[in-house]
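Overview (structure and organization)
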Amino acid sequence: MDNNELHCNTMSDIERLIQQSQAYKLVSRQFHPQDTKIQVGNVIIGGKKIVMMAGPCSVENKIQVMETAKAVKKSGAHILRGGAYKPRTSVYSFQGLGEDGLKMLLEAKKQTDLPIVTEIMSPDKVSLVAQYADILQIGCRNMQNYDLLMEVGKIKKPVVLKRGFNSTIKEFLLSAEYIMSQGNDKIILCERGIRTFETMTRNTLDISAVPILKKLSHLPIMVDPSHATGKRDLILPISRAAIAVGADAIMIEVHHHPEQALCDGDQSLTPNEFDEVMKGIKPIIQCMGREM
Ligand code: PEP
Ligand code: MN
């Protein structure tokens with residue numbers, strides 16, 4: 001190891017190094033310097049291409065999913081998102097369509113050829129959701145659901161792990177380590193904003209988490225500007241910023257009629273607005289030496 005990189009002058013330096021490597025050794029770049037690339041269908045996440053995941057917050061009905069899927073595909077999205085199991089703050093809010101929603105996503109996949117990412121909330125649903133989805137998502141509220149992390153660690157499908165809104169970067173990496181400890185190394189880390197005193201946005205996007213995670217881990221990094229801001233007019237500037245700091249993928253909520261959305265309408269883009277975002281990020285993608 002280069003002398004400039006590491007000086008273990010004291011016992012506490014050595015102890016710190018051991019502690020860190022024990023904490024998240026599998027997800028750490030320390031023993032795995034090259035970037036992890038995850039293939040989903042024809043798309044590689046963590047390569048040169050900026051991968052765009054787009055679709056509704058929740059699957060609501062066949063027409064909504066199909067129309068939105070076709071629109072985001074036309075604008076150049078690579079992966080279709082949509083929640084069938086929804087972690088809602090209020091028990092009285094729409095909770096998602098469950099397996100019926102998964103079926104609608106699969107139908108949209110067949111028609112558009114877009115792979116699917118969808119959320120999973122409990123360990124006993126892993127095998128069911130994995131039958132439909134190409135990528136399983138663990139939402140921010142479940143980042144520390146260790147039983148769930150262990151269960152998705154045992155399957156072969158890629159996992160989007162979202163950072164808890166009250167979790168540190170270290171806790172985030174420790175959660176990814178749970179998944180990887182079970183043999184699944186296909187993990188996409190997603191920064192989706194953390195809770196601060198600021199109320200202008202739904203959450204505060206921790207933009208510096210992107211280069212920090214890139215430095216500490218070999219896993220691909222995604223940014224979700226929709227949940228980070230809660231506001232549709234912030235999606236373009238924040239997507240640009242995310243790409244400029246090194247994100248590998250972006251996840252954006254799109255709804256064919258956001259004003260009728262059962263969940264997260266304020267942050268959902270119309271298909272036209274999504275198309276504008278796809279055009280608006282192009283110069284930054286080129287500037288960063290990445291591809292669309
Ligand atoms: C989502 O992506 O649908 C979602 C619920 O996001 P988060 O877990 O980041 O709130
Ligand atoms: Mn949402």
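See the structure printed just above.
1. Regarding the overall build of the protein
- Helices and strands together make up the secondary structure of the protein, namely 11 helices and 10 strands.
- For 292 residues, the compact-globule formula gives about 19 Å, and the C-alpha radius of gyration of the protein, at 19 Å, lands near that figure.
- With the C-alpha coordinates of the protein rotated into their principal frame, the extents come out at 65 × 45 × 40 Å.
- Counting the 292 residues in the protein, one finds 52% classified as buried.
- The contacts of the protein with a sequence gap of at least 6 include a subset with a gap of at least 24, amounting to 69%.
- Carbon and sulfur atoms make up 52% of the accessible area of the protein, which totals about 13,400 Å².

2. A look at the site of ligand 1
- In the vicinity of ligand 1, the contacting residues are Arg81, Lys86, Glu119, Gln137, Gly139, Cys140, Arg141, Lys162, Arg192, His227 and Glu253.
- Interatomic distance of 2.8 Å between a side-chain N/O atom of arginine 81 and an oxygen atom of ligand 1.

3. Thoughts on the coordination of the manganese ion (ligand 2)
- Protein coordination at the manganese ion (ligand 2) comes from Cys57 (SG), His227 (NE2), Glu253 (OE) and Asp264 (OD), with a distance range of 2.0 to 2.4 Å.
- Between consecutive donor residues of the manganese ion (ligand 2), the sequence gaps follow C-x169-H-x25-E-x10-D. Linking cysteine 57 in the loop between β3 (51–55) and α2 (62–75) with glutamate 253 in strand β10 (residues 249–253), this pair joins segments that are 196 residues apart in sequence.
- When its relative accessible area of 2% is taken as the criterion, cysteine 57 is described as buried.
- With a relative accessible area of 1%, glutamate 253 lands in the buried category.

4. Quick look at the packing of α2 against helix α10 (residues 271–280)
- Two elements in contact, α2 and α10, have axes whose closest approach is 9 Å; the angle formed by their N-to-C orientations is 20 degrees. Taken together, α2 and α10 sit at an angle that is classed as roughly parallel. The two elements α2 and α10 cross, and the hand of that crossing is right-handed. Counted together, Ala71, Val72 and Ser75 of α2 and Pro271, Phe274, Asp275 and Met278 of α10 form the full contact between these two elements.
- Residues that form the contact of α2 with α10 fall into these classes: five nonpolar, one polar and one charged.

5. Looking at the packing of aromatic side chains
- Taken as a whole, this structure holds one aromatic pair when the rule is applied.
- In this structure, arginine 195 is placed above the aromatic ring of phenylalanine 165, and the distance from its NZ or CZ to the ring centre is 4.6 Å.

6. Things to note about the sheet that holds β3
- On the basis of which strands lie adjacent, the closed barrel formed by eight strands has the order β3-β4-β5-β6-β7-β8-β9-β10 and parallel pairing. Strand-to-strand, the axes of this sheet are offset by a mean angle of 25 degrees, without reference to chain direction.
- When β3 meets strand β4 (residues 79–81), the two strands line up parallel, connected through two bridges. Following the sheet pairing, methionine 53 is matched in β4 by isoleucine 79.
- Relative to the sheet, helix α5 (residues 146–153) contacts β6 (135–138) and β7 (159–162), its axis offset from that of β6 by approximately 165 degrees.

7. What to know about the nonpolar core
- If you look at the biggest cluster of nonpolar residues, it comprises 65 residues, and the most contacted ones within it are Ile138, Leu161, Leu189, Ile252 and Phe274.
- Here this core takes six residues from helix α6 (residues 169–181), the largest share from any one element.
- With sequence-adjacent residues up to four places away left out, leucine 161 is seen in contact with Ile138, Met143, Leu149, Phe172, Ser175, Ala176, Ile179, Ile187, Ile188, Leu189 and Cys190.
- Grouped together as the second largest cluster of nonpolar side chains are 15 residues, Ile38, Val160, Cys190 and Met222 included.

8. Digging into helix α9 (residues 235–244)
- Along α9, the positions that sit buried rather than exposed are Ile235, Ser239, Ala242 and Ile243. Projection of α9 onto a plane perpendicular to its axis shows the buried side chains occupying an angular sector of 95 degrees, all on one side.
- Buried residues belonging to α9 abut β9 (221–223), α8 (225–229), β10, α10 and α11 (282–287).

9. Considering the side chain of serine 268
- Among the secondary structure elements, serine 268 is positioned in the loop between β10 and α10.
- The class of serine 268 is buried, set by a relative accessible area of 1%.
- Those residues within four positions of serine 268 in sequence are excluded, and the remaining contacts are Arg232, Glu253, His255, Pro258, Cys263 and Glu273.

10. Describing the pattern of salt bridges
- Tallied over the full model, the rule gives 14 salt bridges.
- Between arginine 29 and aspartate 35 there is a salt bridge; the shortest N-O distance is 2.6 Å.
- The salt bridge involving glutamate 191 is made with arginine 163; its shortest N-O contact spans 2.9 Å. Separated by 28 residues along the polypeptide, glutamate 191 in strand β8 (residues 187–191) and arginine 163 in the loop between β7 and α6 bring together distant segments of the chain. Across the pair, exposure class does not vary: glutamate 191 and arginine 163 are buried alike.
- Via salt bridges that share partners, Arg163, Glu191 and Asp206 belong to a single interconnected network.

What counts, and where the lines are drawn
- Residues numbered from 1 in each chain as written.
- Chains lettered and ligands numbered in written order.
- Predicted model: local features only at pLDDT ≥ 70, side-chain atom pairs only at ≥ 80, totals over all residues.
- Heavy atoms only, no water.
- Helix = DSSP H or I, 4+ residues; strand = E, 2+ residues; numbered from the N terminus.
- Rg over C-alpha atoms; globule rule 2.2 N^0.38 Å.
- Buried < 20%, exposed > 50% of the residue type's maximum accessible area, 1.4 Å probe, protein only.
- Contact = heavy atoms within 4.5 Å.
- Areas by Shrake-Rupley, 256 points an atom, 1.4 Å probe, with all protein chains shown as cover.
- Near = heavy atom within 4 Å.
- Polar contact = N/O pair within 3.5 Å; in protein donor to acceptor, adjacent residues only side chain to side chain.
- Donors = N, O, S within 2.8 Å, 3.2 Å for Na, K, Ca; no water.
- Axes fitted to C-alpha atoms, helices over the stretch in contact; angles between N-to-C directions.
- Parallel < 35°, antiparallel > 145°, perpendicular 65-115°, else oblique.
- Left-handed = near helix turned anticlockwise from the far one by under 90°.
- Nonpolar A, V, L, I, M, F, W, Y, C, P; charged D, E, K, R; others polar.
- Phe/Tyr/Trp six-rings, centres within 6.5 Å; stacked < 30°, edge-to-face > 60°.
- Lys NZ or Arg CZ within 6 Å of the ring centre and 35° of its normal.
- Pairing = 2+ DSSP bridges.
- Core = buried A, V, L, I, M, F, W, Y, C linked by side-chain atoms within 4.5 Å.
- Arc of directions from axis to C-beta.
- Salt bridge = Lys/Arg side-chain N within 4 Å of Asp/Glu carboxyl O.

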